[in-house]
Amino acid sequence: MCGIIGYTGKQEAGPILLDGLQRLEYRGYDSAGLAVCRGGSAHASPQVVKKAGRVEVLSRLVKEAHLRGSCGIGHTRWATHGRVSDNNAHPHVSSDGAIVLAHNGVIENFLQLRQSLEKLGYTFQSETDTEVLANLIALHYARLKEGNGTHNVLEEAVRQSLAEVEGTYGIAVLSVDDPETIIGARKGSPLVLGVGNGEKMLASDVTAFAGRMQSVVYLDDGQIVRMDRDNFSISTLSNESVAPVLSKITWRSEDAELGDFPHYMLKEIFDQPASLENAMRGRFSQDGSTAQFGGLNMGPRELRQVDRILFLGCGTAWHACLIAKHMIEKYARIPVDVDYASEFRYRNSPLEKNTLVFTVSQSGETLDTLEAQREAKRKGYRVLSILNVVGSTMARENDGGIYQHSGPEIGVASTKAFTAQVLVATMIALYFGRMRDMSFADGREMVDAVRELPGLVKQVLAGAANIEKIARKYAAMNDFLFLGRLEMFPVALEGALKLKEISYIHAEGYPAAEMKHGPIALICGKCPTVVIAMKGEMLKKCLSSIQEVKARKGPVIVITNCPGDIPAGLADETIVLPPSHECVQPILATIPLQLLSYYIAVARGCDVDKPRNLAKSVTVE
Ligand code: AGP
């Protein structure tokens, strides 16, 4: 939800900022901009270039502008306040020209602030809340300078301004008087400081500077950082100094590169044998009968007391939570509830005493999930998480958890993060199951099944050409239904979400038997139904649903691991999965759905990695 970046050092800032913005573009791509100050030339106006559209458009303008300077800030926008336009693009400059600001978040009291500032003579070029904050900082800055303040005037002006602000922010601020210094601050929007050799960077996440900076400091809410090329200091909003905790960056810059793939989504789909391997590495007991996790911060005795588990997440992560419910109830016999994080945080739902809460999030920054985590903690519950981004806000605020180690996921449509979340959930089911009624032999069988998973995923990926052919055939359709039973129902939901997100086709997921209670009205020759029909007790039920679709002339695409059990001629298209243990089937069934939506979106000419209206990390409500 907007990406911000800052650089101060000895190199030309423009190309470094553009490179960072390209890597942050998945956070928002309505407009982009940057501002560069020429180091050492105090009072020189910052050079600002900004434009509605992608970073690519900005790049061309930056080249033409011949920017010079070794300190600057940049922004890629996902619009909240104010439409998508050149004027509303960041950075924003205060009307007195003193302050330049890039902002991620929402200033809720911006209207009142704007009115007060207008009375004092400040003027506005945009409809944004950000320009209000730029002018507010300029006001405090001017007053502090008038009072003959010289020491850290910009930092103090930011501090005083933020005390008046309601809402969320991650900001990067420059002043024309001190063109080698950047001030950053955060509340509710992520911000990390990169520490390099004679240079510093500030960004919404580490992907922006991985490979360039050696270490990182994850800023906490309510902190302000002041940085120049050689030094940095961190303090709180109430001006107490904070001792920084430096961490090593675990992601390599090449992890976030496309390689030979045309889109990140396709690359990430094909990453899955490796990302699943990473999620399970080192997590099996020596005797191969159960899973083990290092970061739960809870001993087996405590975990055995757990009577109920509540999973919270949003979007695709919520689908992973639904599969977790099936897995844990089936293999560990612990009752599991699942809630949308956004609903949980407001519903004040009663939780039983020995409930363990899990938050699930790729980014670890989704505001709804973060606030749900905070609410569960406020109520005194132990909260663990399944997360991808190391050092994310959820990771720093939870009581423990499990990293999925998927590497950076850049495509806005989540693929490899989802399958890793499901895998971790399956391993949690195994772990809890072995603590309860699951036998040693059953544990061994499940571990073996999980270990085989990367190889099986490779087999499914080898069928991509067939899926592409099917995708082309149905790409012009405007409605799709996705059906599955039990744990395949959330897989169906995920298939529908993927298709909606990147191809803009209306799609719905249902438990197959629910179709006859309403959605069947949609069935016609132009509404294909994708049915996940796996070997087992639900197969016959799924076949009946297929018959119902066929009776109404609906095209049927079947995903199955038992093609021989599907009556000849019943399905229009069949996608065959390799035989496997039931516990890994949700993951295997997901892969063809990811490929199907990817190839349909490509056939429709959609921008797969940057679908309209979406952003990767949703840090607003
Ligand atoms: C996935 O394709 C979506 N873009 C979206 O639903 C996403 O899963 C959701 O916003 C949650 O994100 P998180 O995992 O980073 O919390």
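What you see is a predicted model; the values in this text were computed from it and never measured.

Asks: Any details on the sheet that holds strand 2 (residues 31-37)? Residues and values, ideally.
Replies: Within a sheet, neighbouring strands are paired by backbone hydrogen bonds and run either parallel or antiparallel to one another. If you trace the 8 strands from one edge of the open sheet to the other, you get 3-2-4-1-10-9-11-15, paired in antiparallel fashion. For this open sheet the edge positions go to strand 3 (47-52) and strand 15 (247-248), each flanked by a neighbour on one side alone. The sheet contact formed by strand 1 (residues 3-8) and strand 10 (residues 200-203) spans 4 bridges and is antiparallel. Bridge pairing in strand 10 links G6 to L202. Where helix 1 (residues 13-24) meets the sheet, its contacts fall on strand 1, strand 2, strand 4 (71-77) and strand 10, and the angle it forms with strand 1 comes to roughly 155°. Strand contacts of helix 2 (residues 55-65): strand 2, strand 3 and strand 4, with the helix running at about 150° to strand 3, the strand carrying the most contacts.

Asks: Help me get a handle on the site of the ligand, residues and values and all.
Replies: Around the ligand lies a shell of 13 residues, among which S361, Q362, S363, T366 and E501 are the nearest. Here T316 contributes a backbone N or O atom positioned 3.2 Å from an oxygen atom of the ligand. Within the side chain of S361, a nitrogen or oxygen atom sits 2.6 Å from an oxygen atom of the ligand. Calculation on the ligand without its partners gives an accessible area of 410 Å², and the protein chains cover 90% of this total. Of all elements in the fold, only helix 9 (315-331) and helix 16 (488-503) reach the threshold of two or more residues within the shell around the ligand. Considering each element in turn, the shell around the ligand owes the most residues, 3 residues, to helix 9. Of the residues contributing to the shell around the ligand, the split by class is 4 nonpolar, 7 polar and 2 charged.

Asks: So, the nonpolar core: which residues are in play, and what are the values?
Replies: Judged by nonpolar contacts, the single largest core of 95 residues is most densely connected at F311, I328 and F480. Ranked by residues supplied to this core, first place goes to helix 13 (residues 416-435) with 13 residues. Each residue touching F480, except ones within four places of it in the same chain, is listed here: Y474, L499, I505, H506, A507, E508, C527, P528, V530, I557 and I600. Y122, A134, L144 and I171 belong to the second largest nonpolar core, which has 30 residues in total.

Asks: Which residues make up helix 17 (residues 539-551), and what values do they have?
Replies: In this model, helix 17 (13 residues) spans 18 Å end to end at C-alpha, consistent with the 18 Å of a helix rising 1.5 Å per residue. Of the residues making up helix 17, those classed as buried are L539, C542, L543, S545, I546 and V549. Along the axis of helix 17, the buried positions cluster into a sector of 160°, meaning they face one direction only. Counted as exposed and oriented over 90 degrees from the buried face of helix 17: K540 and A551. Buried residues along helix 17 sit against strand 21 (479-484), strand 23 (529-532) and strand 24 (556-560). One or two positions beyond helix 17, positive phi appears at K553, with a value near 65°.

Rules used in this analysis
- Residues numbered from 1 in each chain as written.
- Predicted model: local features only at pLDDT ≥ 70, side-chain atom pairs only at ≥ 80, totals over all residues.
- Heavy atoms only, no water.
- Pairing = 2+ DSSP bridges.
- Helix = DSSP H or I, 4+ residues; strand = E, 2+ residues; numbered from the N terminus.
- Contact = heavy atoms within 4.5 Å.
- Axes fitted to C-alpha atoms, helices over the stretch in contact; angles between N-to-C directions.
- Near = heavy atom within 4 Å.
- Polar contact = N/O pair within 3.5 Å; in protein donor to acceptor, adjacent residues only side chain to side chain.
- Areas by Shrake-Rupley, 256 points an atom, 1.4 Å probe, with all protein chains shown as cover.
- Nonpolar A, V, L, I, M, F, W, Y, C, P; charged D, E, K, R; others polar.
- Core = buried A, V, L, I, M, F, W, Y, C linked by side-chain atoms within 4.5 Å.
- Buried < 20%, exposed > 50% of the residue type's maximum accessible area, 1.4 Å probe, protein only.
- Expected span 1.5 Å × (residues − 1).
- Arc of directions from axis to C-beta.

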